[in-house]
Amino acid sequence: MDAVDDRWYRDALIYELSVRTFSDETGDGVGDFRGLTRRLDYLAGLGVTALWLLPFQPSPWRDDGYDITDYYGVDPAFGDLGDFVRFVEHARDRGLRVLVDLVLNHTSNEHPWFQAARRGDPRFRDYYVWSSERPPDAEKGIVFPGSQTTTWSFDRVAKQYFFHRFYDFQPDLNIANPAVRDEMEKIIGFWINLGISGFRVDAVPFLIEPISATNTSPAPNLDWLRTFRSYLSWRAGDAVLLGEANVAPEQVGSYFGPGGLHMMFNFIVNQQLWLSLAREEAAPFVDGLRETAAIPGADRWAMFLRNNDELDLARLSDDDRRFVFRRFAPAQRMQLYGRGIRRRLAPMLRGDRRRIELAFAILLALPGTPVIYYGDEIGLGEDLGLRERDAIRTPMHWSPAANAGFSSAPRRELVLPVISRGAFAYPRVNVADQQRDPDSLLNFVRRAIQQRRQLPEFTSGTWEPVRARQPGIFALRYQNDESRLLAVFNLGASPATATGLDTAGLTDAFANRDYHHVGRTLELDAYGFRWLRPSTAG
Ligand code: NOJ
């Protein structure tokens, strides 16, 4: 494997999807691997280069599959391991790499390990974290306030308390136990040997904290992370770890760096971006980018607009968070856990094509690997009638046919309902119609992705935010050995003229419309954008 290929993740475009709600081939109302395999041409045609699969292992599905009962299997509703391997082969045939979720912080309480542990089986007892007394700080560190009241729950069979960072049906594994770490390595090796290119690692900071009854707030042990990485790299040199680690900027360096994570989701930039979009001001976003700019050369941020979870705004000040709520989630039922927004991209932006295109144009121009949440490329809506984060996890809309072409099952048997009412209903928002319409959002996103892939400056050079004189203008400059690039965005609802930017010798490579002219000042429509590069560039 040559060095360029080892760094494939730097140039990648990742598409996040759930097998369960993507495409149902067997007609039982639940998506499956055969259905997903059939949709690979769509994904290759969109221009993404890697797929991140949310959990698909056997599970009682009380936390959308993040409660696993068998690490070595495929939930029977989705097919079997053979279907999985065939899917990976077909994906690779189309140049698509596959990343899978690695959920090692906790298991389901129905996992055989927990069942054996609670009955006192000496082999498995220490796979989990127990305490005879309820630790005094059992209310600390709750991740889902409102849905969760404690992190230590009493187990009637074991007659002891067990630790669970998340829901009480998700007991945390005891990573301090070498036998557990050995299991973790086996799981990593198993999936890597089925041809995947790496993992999205769930809850990294929690995973590597050695909680015990006597030390309930230990520092994460980053050596363990490095051990997993070295095991992974030994098995497959080009495989990567993409970490879910929503940590403070000053901690980022210890998760990255030699032998650490290859990529991390940039939660800081994500929140600041939404604040900037709400205020129509570039400053917060630029601060976020600056704060997280210094990362080791081979490492890479993963940038995103939305994902399968609530939009977490916990890092914003109370005033800023309230402001973002007011703009993008004004009703209580759109909010979650007091700090998040359980909405999808398109409805948050009121279905306004200009704003949705602006959001994609920003995402694709950021210094990081873009991650697109399935359905956002067609402007999929949400169902606020569903519980918690299920609102944003409804099936993909493939066509205006029954059940949005997702499944041939009777409607009431669908795993989650398709959006069938209002402006985002499937007869209005679906892949088939948008494929036929050259002016559709889908075709815009496809063109934007193609443009990004043709502009190596985005991934091979240096970058810096540049300041225009207008607070609502956000601009980024890229430079590599051969060329340079200037991406300029108007976050405001009124047309603007950007001044103070060095536009000499540049011409539009991609823009929200044909602007005809690049001058010393730069015209931008309301929510308009322009990616510019030297007129002499090939
Ligand atoms: C992070 C996942 O993205 C979220 O959906 C899940 O509930 C928690 N981890 C717990 O596994």
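First, a word on scope: everything that follows refers to the structure included in this document. Given the structure is predicted, the values throughout are model-derived calculations rather than measurements. (Residues numbered from 1 in each chain as written. Predicted model: local features only at pLDDT ≥ 70, side-chain atom pairs only at ≥ 80, totals over all residues. Heavy atoms only, no water.)

## What about the overall build of the chain?
Okay, step 1: Counting its secondary structure elements, the chain contains 19 helices and 21 strands.
Okay, step 2: What you see for the chain is a C-alpha radius of gyration of 23 Å, in line with the 24 Å of a compact globule of 538 residues.
Okay, step 3: Summarising its shape, the C-alpha atoms of the chain cover approximately 75 × 50 × 50 Å along the three principal directions.
Okay, step 4: When burial is assessed residue by residue, the chain has 62% of its 538 residues classed as buried.
Okay, step 5: A sequence separation of at least 24 residues applies to 66% of the contacts in the chain between residues at least 6 apart. (Helix = DSSP H or I, 4+ residues; strand = E, 2+ residues; numbered from the N terminus. Rg over C-alpha atoms; globule rule 2.2 N^0.38 Å. Buried < 20%, exposed > 50% of the residue type's maximum accessible area, 1.4 Å probe, protein only. Contact = heavy atoms within 4.5 Å.)

## Details of the site of the ligand
Okay, step 1: The immediate surroundings of the ligand are formed by Asp63, Tyr66, His106, Phe144, Phe166, Arg200, Asp202, Glu244, Asn308, Asp309, Arg389 and Arg393.
Okay, step 2: Here an oxygen atom of the ligand sits 3.1 Å away from a polar atom, N or O, in the side chain of Arg200.
Okay, step 3: Within the side chain of Asp202, one N or O atom sits 2.8 Å away from a nitrogen atom of the ligand.
Okay, step 4: Burial of the ligand by the surrounding chains reaches 98%, relative to a free accessible area of 290 Å².
Okay, step 5: Counted by class, the shell around the ligand contains three nonpolar, two polar and seven charged residues. (Near = heavy atom within 4 Å. Polar contact = N/O pair within 3.5 Å; in protein donor to acceptor, adjacent residues only side chain to side chain. Areas by Shrake-Rupley, 256 points an atom, 1.4 Å probe, with all protein chains shown as cover. Nonpolar A, V, L, I, M, F, W, Y, C, P; charged D, E, K, R; others polar.)

## Quick notes on the sheet that holds strand β2 (residues 50–53)
Okay, step 1: Read around the closed barrel, eight strands run β1-β2-β3-β7-β8-β9-β10-β14, paired in parallel fashion. Strand-to-strand twist of the sheet, defined as the mean angle between neighbouring strand axes without regard to direction, takes the value 25°.
Okay, step 2: Pairing of strand β8 (residues 240–243) with strand β9 (residues 263–265), which is carried by two bridges, proceeds in the parallel orientation. Across the sheet, residue Leu242 finds its bridge partner in β9, namely Met263. (Pairing = 2+ DSSP bridges. Axes fitted to C-alpha atoms, helices over the stretch in contact; angles between N-to-C directions.)

## What to know about the side chain of Asp75
Okay, step 1: With respect to the helices, strands and loops of the structure, Asp75 is situated in the loop between β2 and α6 (81–93).
Okay, step 2: The buried charged residue Asp75 lacks any salt bridge, with Arg20 as its nearest oppositely charged partner at 7.1 Å.
Okay, step 3: Here Ser59 takes part through its backbone nitrogen, which lies 3.3 Å from a polar atom of the side chain of Asp75.
Okay, step 4: Once you skip the residues sitting within four places of it in the chain, Asp75 turns out to touch Phe56, Gln57, Pro58, Ser59 and Trp61. (Lys, Arg positive; Asp, Glu negative; His and termini not counted. Salt bridge = Lys/Arg side-chain N within 4 Å of Asp/Glu carboxyl O.)

## Quick word on the pairing of strand β3 (residues 97–102)
Side-chain direction in a regular strand flips from residue to residue, so the side chains alternate between the two faces of the sheet.
Okay, step 1: Most of β3 sits inside the fold, with six of its six residues counted as buried.
Okay, step 2: Bridging between β2 and β3 involves four bridges; their strand directions are parallel. Along β3, the bridge assignment pairs Leu53 with Val100.
Okay, step 3: The handedness of the β2 to β3 crossover, carried by α6, is right-handed.
Okay, step 4: Note that β3 and strand β7 (residues 198–201) share four bridges and pair parallel. Its bridge partner being in β7, Val100 is matched across the sheet by Phe199. (Right-handed = clockwise from strand over helix to strand, strands pointing away.)

## Focus on the pattern of salt bridges
Okay, step 1: Taken as a whole, this structure holds 33 salt bridges when the rule is applied.
Okay, step 2: Of the charged contacts, one joins Arg393 and Asp64 as a salt bridge, the two residues approaching to 3.7 Å between their closest N and O atoms. Here Arg393 is found in the loop between β14 (369–373) and α17 (431–436), whereas its partner Asp64 is found in the loop between β2 and α6, with 329 residues between them in sequence.
Okay, step 3: Residues participating in the shared-partner salt-bridge network are Arg20, Asp63, Asp64, Asp309, Arg389 and Arg393.

## Section: the side chain of Gln160
Okay, step 1: Mapping Gln160 onto the fold places it in strand β6 (residues 160–163).
Okay, step 2: Under the relative-accessibility criterion, Gln160 is labelled buried at 18%.
Okay, step 3: A polar atom in the side chain of Gln160 sits 2.5 Å from the side chain of Arg125.
Okay, step 4: Looking at Gln160, its side chain comes within polar contact range of the side chain of Ser132, at 3.5 Å.
Okay, step 5: Discounting chain neighbours no more than four positions away, the residues touching Gln160 are Arg125, Trp130, Ser131, Ser132, Ser153, Phe154 and Asp155.

## Quick notes on the packing of aromatic side chains
Okay, step 1: Per the counting criterion, the structure on display carries 45 aromatic pairs.
Okay, step 2: Relative to Trp191, the ring of Phe56 has its centre 5.3 Å away and its plane inclined at 85°; by these criteria the two rings are edge-to-face. Of this pair, Phe56 sits in the loop between β2 and α6 while Trp191 sits in helix α8 (residues 178–192); the two residues are 135 residues apart in sequence, bridging distant segments of the chain. Taken as a pair, Phe56 and Trp191 share a single burial class, namely buried.
Okay, step 3: Ring geometry for Phe458 and Trp531: centres 5.1 Å apart, planes at 75°, overall edge-to-face. (Phe/Tyr/Trp six-rings, centres within 6.5 Å; stacked < 30°, edge-to-face > 60°.)

## Points about the environment of Ser131
Okay, step 1: Looking at the element boundaries, Ser131 is found in strand β4 (residues 130–131).
Okay, step 2: With relative accessibility at 8%, the residue Ser131 sits in the buried group.
Okay, step 3: Remark: the alpha-carbon pair of Ser131 and Thr151, spanning 20 residues in sequence, is separated by 12 Å.
Okay, step 4: A polar contact is formed between the side chain of Ser131 and the backbone oxygen of Glu133, at a distance of 2.5 Å.

## Description of the sheet that holds strand β5 (residues 152–155)
Okay, step 1: Reading across the sheet, the three strands line up as β4-β6-β5 and stay open at both edges, with antiparallel pairing between neighbours. If you trace the sheet from one side to the other, it starts and ends with β4 and β5, each paired once.

## Things to note about the pairing of β14
Okay, step 1: The element β14 is largely enclosed, with a buried count of five among its five residues.
Okay, step 2: Where strand β1 (residues 14–17) meets β14, three bridges bridge the pair, whose relative direction is parallel. The residue of β14 that forms the bridge with Ile14 is Val371.

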